[in-house]
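In case you want the letters, here they are:
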Amino acid sequence: MRFIHRTIMFLTAVVFVCPLFAAEGQFSPFVIPAQCDPNSEIQSQYSPLAKQDRLSVKENHFYSSRGRVRLWGVNFSFEANFPSYSDAKQIAERLAKAGINAVRLHHMDTATWPRGIWDADGSTLCPEAIDRLDYFIDQLAQHGIYVDLNLHVGKEHSKTLNLPEPPENYDKMVSLFVPQIIEAQKIYARRLLEHQNKYRPWRYADDPAIAIVEITNENSLFMWSAPWVLPALPPFYAGILQEKYNRWLKAKYGSTEKLTAAWSAGSTVLGDNLLRNSDFGNVSPDKTVLDKWRLEQHDRAKAEIAATVFEKQKCLCIRPVQIDGTEWHLQLNQQNLSIRKDQNYTVELQITAAKERPVTISVIQANSPWKNLGLYKIISAGREWKQVRLAFTATDSDDNARINVVFGNNDVPIYLAAIALRPGADFGPGKDESIEQSTVRVFGEIESEARQLDRLMFLAETEKAFFDAMRNYLKKDLGCKAMITGTIVFGPLGLYAQSDMDFIDAHAYWQHPQFPRKSWDPNDWLIEQKAMSDYPEESTLMKLVAERLSGKPFTVTEYNHPAPLDSQAECVPMIASFAASQDWDGVWLYTYSHTNTNWGRDFMNSYFDIDSNPAKWGFVPAGAAIFRQEGIAPLQSRQVFACGSDIEDIALNHLMYQGKLLRIAENQFWKEKPIPIDKRLEASFNRSPGMAEIRPLMHSDITWFADQQEKCYLAQSPKCIVIAGHSANMLQATDGLCKLSGPSLSTITVTPLDNQYLDRSDAILLTACGRCENTGMQFSADRQTVGRNWGTGPVRIETVEGTIDLAKILKETGAIKVFALNPDGTKKIEVPVVAGKIEMSAKYGTMWYLTTK
């Protein structure tokens, strides 16, 4: 077999965008049945899990007594965790025969029965839910499938405890430091893990099939919303956090006097305002032009500005007219500002809003590469006028800097009364702030770098203390034998907080649906039609590589390219091949289903559910061969970058790089070493608390053709082939292996069904798909939404047209036979092999082709 290796190239000067409108191809119904056909040609082998199959961490990976185990899984969400007896057995069989060996039980705790595990009172476990869960776990184990048991996901213990309403759903953030909520989490964990499974000889805590326990889901003091939620905590929660912070400061400094000396260093006298028209006069009649200021509006996003009076204050009203979910698409800015490196500056503004909402204030370059110059702050604007004062030290000099007021992530109007940017800053604590009186605020108005670092270190140590204590409670008090992780990684300090868990976890979504006005509004949402194969530098895969911790196993327990992306078929093959190359330990697609009332449906019913989506579920068997069976071999080389030598150093990097781990890696490798950008896929990235290291590089099985408009992703080894991207480029990318005439975007995998090398395999599965849509699905003109118009069954695939040259894969093609398969995996019709080539055609109405000898 010939191997294809080419250099990965990334455009730096020109950006090409994939067409919004895909060329119309041939669609064929392809409903993969919920019940397995015993005559299906696609059936992975499995055996029940026994005591010796218990997983543990060894040599930085997951092992049982039988050897290394990679987990290839799916999520179950809400009521899907509680199938009926008959459904549970059927589901487990379907999963196992598709190659799934792990299930993540997610959002069990969010609702009352029948959507969740709680009884009607919300404080006791529902007996029927527990019985169904017992049986489902047993059926999964009987089919060789491990369980990842999520503890806290959506339960709002604050409501049960009659505490004030937290600012974030699901008690996020406050559940990490409020004693009453922490105790409630422990009580729930005890009830669940000490429960004796009715159908198995173990408590949940002892069951070898329950391989993983997750403490809490997507929950961190450094999470996405933390920058504006934590500064605006309700008094009850703010008081608890402030009391903890003052004890921490007391332990570090001993007195307010010493604290003041440390925080005041670098203070300078305020100079004149650098901004022109700082009181926002002279607005144009069309409400789009403001003297000396620029209203930026990108893509679909629109806004208006007007001079007005609000709450008895003359001000500028900034009203978003249309938002598209991307924050920077709407901003008010002033450029041509002169900023000097290492100079202190203070930004002052008066702001209010019709209701609580975030606004971002930043100072950046006004030209490419749009580098941040020291200030990036998300503030909370509410119904009361607020005087905001922000200080920063310029990280670089620039004579064309600009100040931005960024507001495109929310349609609530904001009002600005005045704004100033002055040289100088007074960094000292406020006159009313004292360690002795516990009155030092966690978030100050004007903050020196020293004060910001203290807060970051305090939050990181507070978060780490929670996770370490919970892990200790689960392991020692409850005797839990499962591997335990805390939550996903949120930047360098979030990674630090997870550093003593058994493994590190992450989540990623390519083009997650955006909800411009109301969260999860099923009628008002957008998905940007971008194929990930077209955007290698923006891809979720590049971000994930930097979230791994050196010396720990790494998993991705949620991953998806949501429907109805035209390119959603790329999802499974790309994550499977990339994860295999990076030698990750587990990947879970999100989600198999959210419901347990219609397992046999014949249509896609949401962005995420994959059980009835052939563009996802149809590639799951191939994904098992690629990832779980190491169809792509792990890279032997490694690059390790340093987040910092101690907690203060990590906090400094977190501050400098705005919590972005990948930026730290880029700075250490590709700017300082330098390592060329075309080496990105030739090493697995890890985080180390010590010095950065580089090991010798090797060729990768993955090639990302990014040097032309029609891009293509290729993973090729002796055991599998993955091709995703523009069909027109595949002939060149595969050196003649794959020649397609349509559709415009295609995804193809070639994998063995017997875990052999392709040229030795007796059964090879070719999987090919373009778009995937329901019948009668109604897209908007730009294909960014279908609203509620998801259509009906049967779900349809866009069939791929073209040839695969088997002579480039197999040593001998004379005796082979090729069959188009039905959606149930049985043989449909024999396909001619001409000169060693398989002809894929719409006339076969399939995404599966079987090659046998």
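Residues numbered from 1 in each chain as written. Predicted model: local features only at pLDDT ≥ 70, side-chain atom pairs only at ≥ 80, totals over all residues. Heavy atoms only, no water.

Remarks on the pattern of salt bridges
Logical step 1: One pass over the full model with this rule turns up 45 salt bridges.
Logical step 2: Across the pair Asp 138 and Arg 200 runs a salt bridge whose closest N-O atoms are separated by 3.1 Å. One end of the pair, Asp 138, is in helix H2 (residues 127–142); the other, Arg 200, is in the loop between helix H4 (179–193) and strand S8 (210–216), with 62 residues separating them in the sequence.
Logical step 3: When its relative accessible area of 9% is taken as the criterion, Asp 138 is described as buried. (Salt bridge = Lys/Arg side-chain N within 4 Å of Asp/Glu carboxyl O. Helix = DSSP H or I, 4+ residues; strand = E, 2+ residues; numbered from the N terminus. Buried < 20%, exposed > 50% of the residue type's maximum accessible area, 1.4 Å probe, protein only.)

Thoughts on the side chain of Arg 548
Logical step 1: Take Arg 548: it is sitting in the loop between helix H10 (540–545) and strand S22 (554–560).
Logical step 2: Within the local environment of Arg 548, its side chain forms a polar contact with the backbone oxygen of Gln 582, the two atoms lying 2.7 Å apart. (Polar contact = N/O pair within 3.5 Å; in protein donor to acceptor, adjacent residues only side chain to side chain.)

As for the sheet that holds strand S1 (residues 27–29)
Within a sheet, neighbouring strands are paired by backbone hydrogen bonds and run either parallel or antiparallel to one another.
Logical step 1: The 3 strands lie next to each other as S1-S34-S33, forming an open sheet whose pairing is antiparallel. Unpaired on one side and paired on the other, S1 and strand S33 (772–775) mark the two borders of the sheet. Neighbouring strand axes in the sheet, compared pairwise and without regard to direction, differ in orientation by 40° on average.
Logical step 2: Relative to strand S34 (residues 792–798), S1 runs antiparallel, the two being bridged by 3 bridges. Across the sheet, the residue bridging to Pro 29 is Arg 796, located in S34. (Pairing = 2+ DSSP bridges. Axes fitted to C-alpha atoms, helices over the stretch in contact; angles between N-to-C directions.)

A look at the packing of aromatic side chains
Logical step 1: Overall, the coordinates contain 37 aromatic pairs when judged by the stated rule.
Logical step 2: When the centroid spacing of 5.2 Å and the interplanar angle of 35° are considered together, the rings of Trp 118 and Tyr 188 count as tilted. With Trp 118 in the loop between strand S6 (102–106) and H2 and Tyr 188 in helix H4, this pair connects stretches of sequence that are 70 residues apart.
Logical step 3: Take Trp 118: its relative accessible area is 3%, and that puts it in the buried class.
Logical step 4: When the ring of Tyr 135 is compared with that of Tyr 199, the centres are 5.3 Å apart and the planes differ by 80°; the resulting orientation is edge-to-face. Note that Tyr 135 is positioned in helix H2 and Tyr 199 in the loop between H4 and S8, a separation of 64 residues in sequence.
Logical step 5: Look at Tyr 135 and you get buried, because its relative accessible area is 17%.
Logical step 6: When its relative accessible area of 27% is taken as the criterion, Tyr 199 is described as partly exposed.
Logical step 7: A network of ring pairs unites the aromatic residues Tyr 509, Phe 515, Trp 520, Trp 525, Tyr 590, Tyr 607, Phe 608 and Trp 790 as a single cluster.
Logical step 8: Between the NZ or CZ atom of Lys 58 and the centre of the ring of Tyr 63, over which it lies, the distance is 5.5 Å.
Logical step 9: For Lys 530, the ring lying beneath its charged end belongs to Tyr 535, and the centroid distance is 4.2 Å. (Phe/Tyr/Trp six-rings, centres within 6.5 Å; stacked < 30°, edge-to-face > 60°. Lys NZ or Arg CZ within 6 Å of the ring centre and 35° of its normal.)

A few points about the sheet that holds S8
Logical step 1: The 8 strands lie next to each other as S20-S8-S7-S6-S5-S23-S22-S21, forming an open sheet whose pairing is parallel. Whereas interior strands pair on both sides, the edge strands pair on one side only; in this sheet they are strand S20 (483–485) and strand S21 (504–509). Each strand axis lies, on average, 25° off the axis of its neighbour in the sheet, ignoring direction.
Logical step 2: Direction of pairing for S21 relative to S22: parallel, over a ladder of 6 bridges.

Details of the nonpolar core
Logical step 1: Judged by nonpolar contacts, the single largest core of 170 residues is most densely connected at Phe 76, Leu 95 and Leu 474.
Logical step 2: Tallying contributions element by element places helix H8 (residues 449–477) first for this core, with 11 residues.
Logical step 3: Apart from the residues within four sequence positions on either side, Leu 95 is in contact with Val 74, Phe 76, Ile 100, Val 103, Leu 140, Ile 145, Tyr 592 and Trp 617.
Logical step 4: Of all hydrophobic cores here, the second largest spans 40 residues; its members include Phe 280, Leu 290, Ile 318 and Val 405. (Core = buried A, V, L, I, M, F, W, Y, C linked by side-chain atoms within 4.5 Å. Contact = heavy atoms within 4.5 Å.)

Considering the pairing of strand S15 (residues 357–365)
Logical step 1: Within S15, 9 of the 9 residues are buried, leaving the element largely enclosed by the surrounding structure.
Logical step 2: Here 8 bridges tie S15 to strand S16 (residues 372–381), and the two strands are oriented antiparallel to one another. Counterpart to Ile 364 in the pairing with S16 is Asn 372.
Logical step 3: A loop of 6 residues connects S15 with S16, the two strands running antiparallel in sequence, and Trp 370 in this loop sits at a positive phi of about 60°.
Logical step 4: Alignment of S15 against strand S18 (residues 398–406), held across 6 bridges, turns out to be antiparallel. Note that in S18 the partner of Ile 364 across the bridge is Arg 402.

With respect to helix H6 (residues 235–253)
The α-helix winds at 3.6 residues per turn, so residues separated by three or four positions along the chain end up facing the same way.
Logical step 1: Given a rise of 1.5 Å per residue, 19 residues ought to cover 27 Å, and the 26 Å separating the end C-alpha atoms of H6 matches this to within 8%.
Logical step 2: Residues of H6 that are buried: Tyr 237, Ile 240, Leu 241, Tyr 245, Asn 246, Trp 248, Leu 249 and Tyr 253.
Logical step 3: Looking at the buried side of H6, the elements it contacts are helix H3 (157–160), H4, helix H7 (256–264) and H8.
Logical step 4: One or two positions beyond H6, positive phi appears at Gly 254, with a value near 85°. (Expected span 1.5 Å × (residues − 1).)

Here we look at the pairing of strand S36 (residues 817–821)
Logical step 1: Summarising burial for S36: 4 of the 5 residues are buried, a large majority.
Logical step 2: One ladder, built from 4 bridges, connects S36 with strand S40 (residues 848–852); its direction is antiparallel. Counted as the bridge partner of Lys 817 is Thr 852 from S40.
Logical step 3: The loop that links S36 with its antiparallel partner strand S37 (residues 827–831) comprises 5 residues; one of these, Gly 825, has a positive phi angle of about 90°.

A few points about unusual backbone geometry
Logical step 1: Going from Trp 113 to Pro 114, the amide bond is cis rather than trans, its omega being 15°.
Logical step 2: Ala 563 connects to Pro 564 through a cis peptide bond whose omega is 5°.
Logical step 3: By the secondary structure assignment, Pro 564 is in the loop between S22 and helix H11 (571–582).
Logical step 4: A positive phi angle is found at Asn 60, which is not glycine, with a value near 70°.
Logical step 5: Residue placement: Asn 60 occurs in the loop between strand S2 (56–58) and strand S3 (61–64).

Here we look at the confidence of the model for the chain
Logical step 1: The predicted model of the chain averages 90 in pLDDT, with 93% of residues at 70 or higher.
Logical step 2: Counting contacts from residues 680–685, a segment whose pLDDT is below 50, to residues more than four positions away or on other chains yields 40 contacts. (pLDDT = per-residue confidence, 0-100.)

Observations concerning the packing of helix H1 (residues 85–97) against H2
The relative placement of two packed helices is expressed as an angle between their axes plus a distance between the axes.
Logical step 1: Their axes nearest at 9 Å, the elements H1 and H2 cross at an angle of 30°. Taken together, the axes of H1 and H2 lie roughly parallel to each other. Note on packing geometry: the crossing formed by H1 with H2 is right-handed. The residues of H2 that touch H1, namely those facing Tyr 85, Ala 88, Lys 89, Ile 91, Ala 92 and Leu 95, are Asp 131, Tyr 135, Phe 136, Gln 139 and Leu 140.
Logical step 2: Grouping the amino acids of the contact of H1 with H2 by side-chain chemistry returns 8 nonpolar, 1 polar and 2 charged. (Parallel < 35°, antiparallel > 145°, perpendicular 65-115°, else oblique. Left-handed = near helix turned anticlockwise from the far one by under 90°. Nonpolar A, V, L, I, M, F, W, Y, C, P; charged D, E, K, R; others polar.)

Concerning the environment of Ile 484
Logical step 1: Within the element layout of this structure, Ile 484 appears in strand S20.
Logical step 2: Judged by relative accessible area, Ile 484 falls into the buried class, the value being 0%.
Logical step 3: Those residues in contact with Ile 484 that sit more than four places away from it in its chain are Val 213, Ile 215, Arg 471, Leu 474, Lys 475, Met 501, Asp 502 and Phe 503.

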